Amino acid sequence: MRVLEETERYEVENFFVGDETLELILRERLDGPFLKYALRELHSFGEACANDIERRAVHTDREGEPRLIRYNKFGEEVSEVWVNEGYRQTVQETYDTGIVGYVHKEIPELGHKGNYTYSFAQGFLLSHAEPGFYCPVTLTMATAYLLDHFADDEVKQLFLPRVCATGEMPLFEGATFLTERQGGSDLGANVVRAVKEGEQYRLYGEKYFASNAGMAGVVMVLARMEGTPEGSKGLTLFAVPWRKKNGELNGVRIRRLKDKLGVRAVPSGEVEFDGAIAYVVGDPTKGLAYMLEALNLSRICNAIASLGIMRRALLESKSYASRRNAFGQRLTGYPMVRDTLGKMSAKLHAETITVFDFIKLYEKVTDGEADEREQVLNRLFIALIKKETAEQAIHFSHEAIEMHGGNGYIEDFVTPRLLRDAQVLTVWEGTANILALELIRLVTKFKAHDLFVDEMKNRLSALEECGLTQVLDREIDSVQEGLTAFASYDYSLQTFEAKRWMKRMSDVYESVVSLEWAAKYGRKYEKLAEVFMEDTWGLRKSGEPMKTVECFEELI
């Protein structure tokens, strides 16, 4: 057996080491002591994700998935969710890193808060190993966001410290329960009732797809107060503790846990409320608006999980191809294999830098410093890239399976789990059709297509002109012409065309950011941009040089 090279051992032993793109992002965004702290902590977390957390993830997926305990030995209903001990260790270790808490409170060593860039870098590493568990983390992040931004001081003090706990007190994981049987994505059809009794509210009804059921200490729930109008305007946001102070269930019951294709680590159930005490969060008339803001955060987390799966798929593909001999040589000696790995590398790089590009804007929005134009672009970018990354996570998982051949279909390898886990990301936080409706709303109400084209043209014009910028300039003109026509279509035709235009827009955005990186950092980033542009816009003609083959060592 060949002794592994040092870099190959690092790929297996630490998901952070060797990711030059992520490290450059951090060096751009974080300063001084925070940067030093983040690099140290991400190195440690990357090692944990590649080892202990990965081993626990395998066990949870294959043998240790959550189970519902409806009744105790006395026949009393307890609606408890059993999770294996390894999963509990992952929960504790992950939250103790501050992946949620340090967005909202000081990092003791630094004396100031962290930020979303650092949190999402942690989520990216976690999703290499356990994108299923990153769902509860996401829900806890959304819960913390809603409490911190909209709850009054009394409700905030009741829940936020425990939601943001990093080991100094018992943790409350969070959850956001939106979906009901009759509504699905149509939240305006929700019928869970909020009944006022004295000075408090009690909830009655059911939520049909409630992730992190039984594990969350507090859940954020949309419900309809008596006498409010039908539709989305009648929904109020409530914070609902899972248990009362004495430890008894707070009028909640888990009917069953879903038997899911993938992401088996997260318990997703059907939950009934039968008089659950609930606390109003913010303005009672703005419940849906609040939840939609949290949904944008969750969509970014979804994209981060997709990136984690994509990079894990690439690492596994590269590692296998560098070891596997076929027909007298290593797989990496064949042009077809080099081409696949080269294109995967270019696409992963483009999507990673693009996601973190709009995260910078997202942080400005959440800090209340963005103008209306930036707020519209923020919503647009999130919708575009959530859709694209989720679809690419499936594609990368497929490519990894094919690279492994028959082994890729065997559960001894991680590749089947990657594909099963990736598939849900196109559904969670809004399917492609729901995201397409977001594009239509933004175009119709805010002329988002014009803002997008102006933003892309301005950023492209700041770059030194070359062949690739000329190509992209022409593509932007084409997209502008198409989007102008799209904005004039009737609603039915817009729904038919929207997803196609979302793909074109995300391609443009990723191309602009790739060219910016090529201009800033040169070296292999120029090659990555060339490969990405060539593949995205169909620039290579038959018989021309094979960039992915000739530049393989530099790309990979």
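This is a predicted model, so every value here is computed, not measured. (Residues numbered from 1 in each chain as written. Predicted model: local features only at pLDDT ≥ 70, side-chain atom pairs only at ≥ 80, totals over all residues. Heavy atoms only, no water.)

Caption draft 1: Looking closely at the overall build of the protein chain. Looking only at helices and strands, the protein chain features 19 helices and 13 strands. Computed over C-alpha atoms, the radius of gyration of the protein chain comes to 24 Å, within 12% of the 24 Å expected from 2.2 N^0.38 for 556 residues, which places it in the range of a compact globule. Counting only C-alpha atoms, the protein chain reaches 75 × 60 × 45 Å along its principal axes. Across the 556 residues of the protein chain, 58% fall into the buried class. Looking at the protein chain as shown, the accessible area adds up to about 23,600 Å², and 49% of this sits on carbon and sulfur atoms. Charge separation in the protein chain, taken as the distance between the mean sites of 69 positive and 87 negative side-chain charges, equals 3 Å. (Helix = DSSP H or I, 4+ residues; strand = E, 2+ residues; numbered from the N terminus. Rg over C-alpha atoms; globule rule 2.2 N^0.38 Å. Buried < 20%, exposed > 50% of the residue type's maximum accessible area, 1.4 Å probe, protein only. Areas by Shrake-Rupley, 256 points an atom, 1.4 Å probe, with all protein chains shown as cover. Lys, Arg positive; Asp, Glu negative; His and termini not counted. Charge placed at Lys NZ, Arg CZ, Asp CG, Glu CD.)

Caption draft 2: Molecular detail of the packing of helix α9 (residues 287–323) against helix α12 (residues 415–423). Interhelical geometry of α9 versus α12 gives an angle of 160° and a closest axis separation of 10 Å. Classed by the angle they form, the pair α9 and α12 counts as roughly antiparallel. Handedness of the crossing formed by α9 with α12: left-handed. Contact with α9, carried on its side by Ile309, Arg312 and Ala313, involves Leu418, Asp421 and Ala422 of α12 and no other residues of that element. For the contact of α9 with α12, a count of residues per class yields four nonpolar, no polar and two charged. (Axes fitted to C-alpha atoms, helices over the stretch in contact; angles between N-to-C directions. Parallel < 35°, antiparallel > 145°, perpendicular 65-115°, else oblique. Left-handed = near helix turned anticlockwise from the far one by under 90°. Contact = heavy atoms within 4.5 Å. Nonpolar A, V, L, I, M, F, W, Y, C, P; charged D, E, K, R; others polar.)

Caption draft 3: Structural context of the nonpolar core. In terms of nonpolar packing, the biggest core is built from 184 residues, with Phe120, Tyr134, Ile304 and Phe452 touching the most fellow members. Among the elements that take part in this core, α9 stands out by supplying 18 residues, more than any other. Split by domain, this core shows at least three residues from each of two domains, domain 1 (174–285) and domain 2 (448–554). Every residue in contact with phenylalanine 120, bar those within four places of it in the chain, is listed here: Tyr134, Met141, Leu297, Ile300, Cys301, Ile304, Phe356 and Ile359. (Core = buried A, V, L, I, M, F, W, Y, C linked by side-chain atoms within 4.5 Å. Domains from an automatic or database assignment.)

Caption draft 4: Region of the structure containing the domain arrangement of the protein chain. Split by domain assignment, the protein chain resolves into domain 1 (174–285) and domain 2 (448–554). One C-alpha centre belongs to domain 1, the other to domain 2, and the line joining them spans 42 Å.

Caption draft 5: Representation of the side chain of threonine 21 within the structure. When you line up the elements, threonine 21 lands in helix α2 (residues 20–29). Exposure remark for threonine 21: the relative accessible area of 9% places this residue in the buried category.

Caption draft 6: Summary view of the environment of proline 416. Within the fold, proline 416 resides in helix α12. When the C-alpha atoms of proline 416 and isoleucine 401 are compared, they prove to be 7.3 Å apart, with 15 residues separating the residues in sequence. Beyond its immediate stretch of four places on either side in the chain, proline 416 contacts Gly408, Tyr409, Ile410 and Glu411.

Caption draft 7: Main features of the side chain of glutamate 272. Its place among the elements puts glutamate 272 in strand β11 (residues 268–280). A polar contact is formed between the side chain of glutamate 272 and the side chain of arginine 255, at a distance of 2.7 Å. Apart from residues no more than four positions distant in its own chain, glutamate 272 is found in contact with Gly205, Glu206, Gly251, Val252, Arg253 and Arg255. (Polar contact = N/O pair within 3.5 Å; in protein donor to acceptor, adjacent residues only side chain to side chain.)

Caption draft 8: Highlighting the pattern of salt bridges. If you walk through the whole model with that rule in mind, you get 47 salt bridges. With a shortest N-O distance of 2.6 Å, glutamate 270 and arginine 256 are connected by a salt bridge. Here glutamate 270, found in strand β11, pairs with arginine 256, found in strand β10 (residues 252–257); they are 14 residues apart in sequence, far enough to count as distant. Note on glutamate 270: relative accessible area 3%, which makes it buried. By relative accessible area, which is 43% here, arginine 256 ends up partly exposed. For aspartate 339, the salt bridge goes to lysine 343, with nearest N and O atoms at 3.1 Å. (Salt bridge = Lys/Arg side-chain N within 4 Å of Asp/Glu carboxyl O.)

Caption draft 9: Representation of the environment of tyrosine 489 in the model. By secondary structure assignment, the location of tyrosine 489 is in the loop between α15 (467–488) and α16 (491–521). What makes tyrosine 489 partly exposed here is its relative accessible area of 28%. Excluding anything up to four places from it in sequence, tyrosine 489 contacts Gln494 and Glu497.

Caption draft 10: How the structure looks around the state of the cysteines. The final tally for this structure, using the stated rule, is zero disulfides. Free of any disulfide, cysteine 135 has its nearest neighbouring cysteine sulfur in cysteine 301, separated by 9.6 Å. Of the residues examined, cysteine 135 reaches a relative accessible area of 6% and is grouped as buried. Assessed through its relative accessible area of 1%, cysteine 301 is described here as buried. (Disulfide = S-S within 2.5 Å.)

Caption draft 11: Quick look at the pairing of strand β2 (residues 77–82). As paired elements, strand β1 (residues 67–71) and β2 share four bridges and run antiparallel to each other. Within the sheet, the bridge partner assigned to isoleucine 69 lies in β2 and is glutamate 80. The hairpin formed by β1 and β2 contains five residues between the paired strands, and glycine 75 there has a positive phi angle of roughly 85°. (Pairing = 2+ DSSP bridges.)

Caption draft 12: Representation of helix α14 (residues 448–461) in the model. Over its 14 residues, α14 runs 20 Å from end to end, which matches the ideal 20 Å to within 8%, given 1.5 Å per residue. Inspection of α14 places Ala448, His449, Leu451, Phe452, Val453, Glu455, Met456, Arg459 and Leu460 among the buried residues, and these make up the whole buried set. At its buried positions, α14 is contacted by α10 (335–366), α11 (372–404), α13 (432–446), α15 and α16. (Expected span 1.5 Å × (residues − 1).)

Caption draft 13: Quick peek at unusual backbone geometry. The phi dihedral of asparagine 212 is positive, around 70°, even though this residue is not glycine. With respect to the helices, strands and loops of the structure, asparagine 212 is situated in the loop between β7 (200–211) and β8 (216–225). What makes asparagine 212 buried here is its relative accessible area of 0%. Phi angles above zero are rare outside glycine, and lysine 447 is one such case at about 55°. Considering the arrangement of structural elements, one finds lysine 447 in the loop between α13 and α14.

Caption draft 14: Representation of the packing of aromatic side chains within the structure. This model, assessed by the stated rule, comprises 18 aromatic pairs. Put simply, the rings of Phe34, Tyr37 and Tyr118 pair up and form one aromatic cluster. For arginine 67, the ring lying beneath its charged end belongs to tryptophan 82, and the centroid distance is 4.0 Å. The ring of tyrosine 208 has lysine 258 sitting right over it, with the charged end atom 3.4 Å from the ring centre. (Phe/Tyr/Trp six-rings, centres within 6.5 Å; stacked < 30°, edge-to-face > 60°. Lys NZ or Arg CZ within 6 Å of the ring centre and 35° of its normal.)

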